[in-house]
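This is what each chain is made of:
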Amino acid sequence: MTIQSVKTTAALRNVAVIFLFSVTFFAQGPATELTLNDQLSAETKGGETKAYVVSLPADHTARIEVVQDGIDVNFQAYDLNGQPSIIGLSPSGLYGNDLILVTAKQAGTYRVEVMTADPRAKPGRYAIVLKEIRPTVDEDFRINEATSKILQLAQEATRIKYDGTIKGLEDAIAKWDEAIIISRIKKDKVWEGVAIVAKGLIYEQLGEVQAGRDAFLQSLQLWRELGNRQYEGSALNNLGFSYMNLGEPEKSVLYFEQAIATHRETKDRPSEGSSLNNLAYAYMKLGEYERSEDFFRQALVIKKDDQSLRDKRILSNTLNNLGTVLMLRGKSAEGMEFLQRSLDLRGQTEYPWGVANSLLNLGKYQWESSEKEAGFEKLTKANEMSLQLGDRRMQSESYYQLAKAENEKGNVGKAIENVSKGLEIIKEIRSRLAGSESRYAYFSTVQNFYDLYIDLLVTRFDKEGDKLDVELAFELSERSRSRSLIEVLQEARVKFTNEIDPALLAEQRNLQKLINDRYASRQALLGGKPTPAQVTKVNGEISELNTQIQGVKLKIRRNNPKLADLSEGKTTSFASIQQSLGDDTVLLEYRLGETRSFLWCVTRSSIALIKLPSRSIIEAKAKQFYDGIVANRAIDKTLNLQLSRELSDILLGEVSGEIEGKRLAIVAHGILQYAPFSALSSPNSVNKELLLVETNEIVFLPSASVLAELRENQPEQNKKTIAIFADPVFDLDDSRIGRNPSNRPEDTNVALNSLLRDFRFGESLPRLLASRQEAKNISNLVEKPMVEVLMDFQASRQNIETAQLRDFKILHFATHGLLNSTRPELSGLVFSMYNKDGQKQDGFLSLNDVYNLDLSSDLVVLSACQTALGKDVRGEGIIGLSRGFLYAGADRIIASLWKVDDSATAEFMKRFYTNYLQKEMSESKALQQTKNEMKKIKRFQSPYYWSAFTLLGDWK
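Residues numbered from 1 in each chain as written. Predicted model: local features only at pLDDT ≥ 70, side-chain atom pairs only at ≥ 80, totals over all residues. Heavy atoms only, no water.

Here we look at the packing of aromatic side chains
For the structure on display, the rule yields 23 aromatic pairs. Taken together, a centroid distance of 6.1 Å and an interplanar angle of 50° make the contact between Trp367 and Phe376 tilted. Given the relative accessible area of 10%, Trp367 is considered buried. We classify Phe376 as buried; its relative accessible area is 19%. (Phe/Tyr/Trp six-rings, centres within 6.5 Å; stacked < 30°, edge-to-face > 60°. Buried < 20%, exposed > 50% of the residue type's maximum accessible area, 1.4 Å probe, protein only.)

Here we look at the sheet that holds strand S18 (residues 816-818)
If you trace the three strands from one edge of the open sheet to the other, you get S18-S19-S20, paired in antiparallel fashion. In this open sheet, the two edge strands, each paired with only one partner strand, are S18 and strand S20 (844-846). Between one strand axis and the next, the sheet turns through 20° on average, direction left out of account. By the bridge criterion, three bridges tie strand S19 (residues 828-830) to S20 in an arrangement that is antiparallel. Following the sheet pairing, Gly828 is matched in S20 by Ser846. (Pairing = 2+ DSSP bridges. Helix = DSSP H or I, 4+ residues; strand = E, 2+ residues; numbered from the N terminus. Axes fitted to C-alpha atoms, helices over the stretch in contact; angles between N-to-C directions.)

Side note on helix H32 (residues 881-888)
A large share of H32 lies buried, amounting to eight of its eight residues. Within the span of H32, buried status applies to Leu881, Ser882, Arg883, Gly884, Phe885, Leu886, Tyr887 and Ala888. Backbone geometry just after H32 places Gly889 at a positive phi near 125°.

Comments concerning unusual backbone geometry
Even without being a glycine, Asn37 presents a positive backbone phi close to 60°. For Asn37, the position within the fold is in the loop between strand S1 (32-33) and strand S2 (40-44). Not every positive phi belongs to a glycine, and Glu350 is a case in point at roughly 50°. Structurally, Glu350 is set in the loop between helix H11 (332-348) and helix H12 (352-368).

A few points about the pairing of strand S4 (residues 60-69)
As judged from the eight bridges shared by S4 and strand S7 (residues 97-104), these two strands associate in the antiparallel manner. Residue pairing across strands places His60 opposite Ala104, the latter belonging to S7.

As for the side chain of Glu589
As for its position among the elements, Glu589 is in strand S10 (residues 585-591). A residue is classified by how much of its surface remains accessible, and Glu589, at 0% relative accessible area, is buried. A polar contact is formed between the side chain of Glu589 and the side chain of Ser477, at a distance of 2.8 Å. When neighbours within four sequence positions are excluded, Glu589 is seen to be in contact with Phe474, Ser477, Glu478, Arg481, Phe598, Leu599, Trp600, Val667 and Ala704. (Polar contact = N/O pair within 3.5 Å; in protein donor to acceptor, adjacent residues only side chain to side chain. Contact = heavy atoms within 4.5 Å.)

What about the confidence of the model for the protein?
When pLDDT is averaged across the protein, the result is 82; 84% of the residues are at 70 or more. Low pLDDT (under 50) marks residues 15-26, which in the prediction has 26 contacts with non-local residues, meaning those over four places away or in another chain. Counting contacts from residues 561-569, a segment whose pLDDT is below 50, to residues more than four positions away or on other chains yields 30 contacts. (pLDDT = per-residue confidence, 0-100.)

Next comes the structure, spelled out in structure tokens:
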């Protein structure tokens, strides 16, 4: 669905007014003489001009400055003959500062006029002051020449932008680039900021969303330096819009709310209306349709009274958006009325982009109703116009809607052609985005293209029986998965650190330290009784620092040629994937769809496609299964077996013959990423009493192409076997503080059987005594020179970052874990938070810190809660700690799906390492064997105690 969120900036609105400004103004009242450093205040309104005079000796220059307080004004200076000599037009906003340099070739009295930039402006005040009279220098002439040149460039850029062609947009960017250079000669940061914003808006129209966001970030920093609150509000709005286009509506809400507050503070009513519209758009993307409609109607109240051409166009956007959300709420008649009103207004105002957008939206809903012919005609016209306008996102969306229509008409081949064209445009847009976060966020918004394409190929296979369609559908499924993870794994293999500007690396490290400090402050704050304002403030500070560090990472990527080459994560061909499996492994790749789901069963010599029920049916059954296991710790065997059989029949029933006795490499999708497959009934069990863990080894993959990338890593000969971090010091009241931990008895008053290895910010962290025994059990299996155990105060974040972790084959972390499924960068592991003297220290190892580790590990074991989880991003999978450790250099990860029990985990890990290190089983075999052993222990026989741990990565 394509609708328009209003992109607006007060700076460009002021530029538009400037272009309408005529230099033929007449001052009201006599001219006022300016004297050095004597500040004069005045009130003016739209259409008024006030005159001032200044006496200058020959070859001297006067510097005259204005401070605006609620109204934007421009200058004009006249020579001694009464002819305009300098036009000081600057889009400095309602509260910005302006200046003009009046150069006198001859001695005399020179006239300066101050007029409103907007002829319709309401009354406002300004102050004018003659700051300096000094001998003229060459730079004064260059500055005045630049003043005229900037205005000319801005006019030309605006004109060619509205030619409505790709070339026009690209030429406009070149003009604004030149304006930036000229503005620096003039030393006019306002014009520089306006040019940067203008470029950002054009980049977004071209689909270069990342470049647009970079521009808005740059402008925000500049407006804050200048203290221009009006433009700061517009920059916040534009940043919110960028995050919307990148598929991050949660972030965009934060920016739009800040923008609205700033607009209200500066009494910028038009911009408030635009940002309200955008906030409504964000809530619509989040599925909060009622809330969205409310904000759209608030925006409409503000916008309906605006009568300028530009404001009518913005009004048409709001009408379009309100119509769309009404359609989504099932209010079809009213929704279609608003969509039609938007189309009519866009036509009246000769707004080509808006007309194309309205045609696309109306066409979509008409096709879905009974007006098929009219709808198809509008979709076709929207596709043609979007191509002419150069709006690639609208063009791709129109191809998608046309593909759906052609499929419904029975033209499967034409439908495949259209959706393929749409995907090519998406590929191009994505390749221009810098940074994995931006890429996976954008990619999550276009997964419907892959869903449709795969469904169409299956439909064609059902009709024609060509097996190549099954293989192509599988390759498309791979192309839609974990692309950003593949790219960051490529980055990890490219040793580029030595080529990065040291100043950028230092800036990144400093920002990360500030972020960690703010996390610590928030934890301390939440431990007390904070006010909502205090929590909002610290969250805002963390968000701002994360935005800054993202900007530094983008600079690093763009400035590094090796990273710049990694623009597109390559997926592996079907033939190569088959060869990677071996005879003992079967790949099961799932894809959940709206109306039907698919399973590809791939062996070294075959591929089969199995149709499964819809996403909603599978999700409901998988959630029941997950909840049943987690809730029934004491074991309700009958219920668990029933749920296990039902889900197993759906997911594995059709492939029972292929998977018997094989290792299963599972590429899960959606909710299935959370499902403990090892606790499913084995489809090869006659009475369904056997579980899958008893018949099959199981390993998980984000995608089959990720496996290929992991195998590209060159193995290193590790010097030591294992490093273990366990039993950190979390609490100032911990009795180890001030004592020698190795010489004191163990605490015995902790209820180990009820302790979980997770925490939330603000909670006190209980000591994990079982993790101490866990570490000792593991270390006893390894020769002393080959193991390093760091417990108590040594189990610190600092030791993790400074230790030579590349020397170890295995890394084992037994501690508390934090999951943040909304903001995965806030997830992490907690280590000692105090030193032996009781001094507080940073003990939180965040996901961002994990990315910066340098590992070469066969295996990383995250013996903590929910470490296999994170934010589930469509098309990318789970963004969390496991992904971070893969990037850092681990080949495989063992992590948990839920809050694991402390004592059960200690027993589990003792048995796992016995199987892995002493009996020399592979990781997947050792994990299978351990689970089977645990389920025979009466106390731990419930799947809750043993099925949480999963193996992710390469099984070889």
